[in-house]
Amino acid sequence: MCQFASGFFNPKSMVVKVHDLSSHSDTQKVLKLGDGPEPNGWREFHYLPTGEIECRALPVDDKTSAQCAEELRERWPTFVDFFNWSMKQVCEDGKYGGWLELDLRSLTSAEGLTLPSSIGGWLDLRSLTSAEGLTLPSSIGGWLDLRSLTSAEGLTLPEGFDKDNLIAPGKIMESIK
């Protein structure tokens, strides 16, 4: 399993490809991306919720890892910008079939975050302290982790969501619609 969010880039063209944001190997297989030691082949990268970008360019490539990371940051200045773009690439009709576990656990703000309309698995937003700006998917197939919320003001759970699948402080559980 890779760090979230993972993808591939081409150091010459700086084209970016994503499919499974948690797995380089699954992305590589589904998108049929070749890598290897030849110059300017497909290379792995991570854009972490902390804002760190790690590009794995090779010495034979036209650009260094640092140059590639800088170009990716120019295109997507924040993790949320990259995440929102990625979701548009990988969701079918706004639905994300996988789990967003581990993936979003370090986000401390939902500002600007656009979640898919449906998530087939669980959603881990354990570091959010406020629901401000958070619009939850209309369907979450697993549990929802909001354990750090200090206020649920403005938060509405998806219709039919089982509160038994919610992880949140007791006072928050009582106040959520």
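Preceding block: the structure.
**Student:** Lay out the sheet that holds strand E4 (residues 53–55) in plain terms, naming residues and giving numbers.
**Tutor:** Reading across from one edge, E2-E1-E3-E4 is the order of the four strands in this open sheet, with antiparallel pairing throughout. Either end of the sheet is taken by a strand with one partner, and the two such strands are strand E2 (16–17) and E4. In this structure, strand E1 (residues 6–9) lies alongside strand E3 (residues 43–47), joined through four bridges in antiparallel fashion. Within E3, the position partnered with Gly7 by the bridge is Phe45. Against the sheet, helix H1 (residues 24–31) engages E1, E2 and E3, with an angle of about 50 degrees to E1.

**Student:** A description of the side chain of Asp124 should follow, citing residues and the corresponding values.
**Tutor:** Position of Asp124 relative to the elements: it lies in strand E7 (residues 123–124). Residue Asp124 is classed as buried on the basis of its relative accessible area, which comes to 0%. Here the side chain of Asp124 touches Arg126 through a polar contact of 2.7 Å, side chain to side chain.

**Student:** Any details on the pairing of E1? Residues and values, ideally.
**Tutor:** Residue alternation in E1 divides its side chains into two sets, Ser6 and Phe8 and Gly7 and Phe9, and both sets are buried. Of the pairings in the sheet, the one linking E1 to E2 comprises two bridges and is antiparallel in character. Residue pairing across strands places Phe8 opposite Lys17, the latter belonging to E2. Between E1 and E2, which follow one another and run antiparallel, lie six residues, and Met14 among them has a positive phi close to 60 degrees.

**Student:** Break down the pairing of E3 for me, with residues and values.
**Tutor:** When you tally the buried positions in E3, you get four out of five residues, the bulk of the element. The pairing of E3 with E4 spans three bridges and is classified as antiparallel. Paired with Tyr47 across the two strands is Ile53, which belongs to E4. Counting the residues between successive antiparallel strands, the hairpin from E3 to E4 contains five residues, one of them, Gly51, with a positive phi of roughly 100 degrees.

**Student:** Can you break down the nonpolar core residue by residue, with the values?
**Tutor:** Of all hydrophobic cores here, the largest spans 49 residues; its most connected members are Val16, Phe82, Leu104, Leu123, Leu134, Leu144 and Leu155. Within the residue set of this core, elements represented by two or more residues are E3, E4, helix H2 (65–75) and helix H3 (79–90). At seven residues, the largest contribution of residues to this core is made by H3. Leaving out residues up to four positions away in the same chain, Leu134 has contacts with Ala110, Leu115, Leu125, Leu128, Leu146 and Leu155.

**Student:** Could you give an account of the environment of Leu166, with specific residues and numbers?
**Tutor:** Checked against the element boundaries, Leu166 lands in strand E10 (residues 166–167). In sequence terms Leu166 and Leu107 are 59 residues apart; their C-alpha atoms lie 18 Å from each other.

The rules we used
Residues numbered from 1 in each chain as written. Predicted model: local features only at pLDDT ≥ 70, side-chain atom pairs only at ≥ 80, totals over all residues. Heavy atoms only, no water. Pairing = 2+ DSSP bridges. Helix = DSSP H or I, 4+ residues; strand = E, 2+ residues; numbered from the N terminus. Contact = heavy atoms within 4.5 Å. Axes fitted to C-alpha atoms, helices over the stretch in contact; angles between N-to-C directions. Buried < 20%, exposed > 50% of the residue type's maximum accessible area, 1.4 Å probe, protein only. Polar contact = N/O pair within 3.5 Å; in protein donor to acceptor, adjacent residues only side chain to side chain. Core = buried A, V, L, I, M, F, W, Y, C linked by side-chain atoms within 4.5 Å.

Shape is all these values report; function is a separate question.
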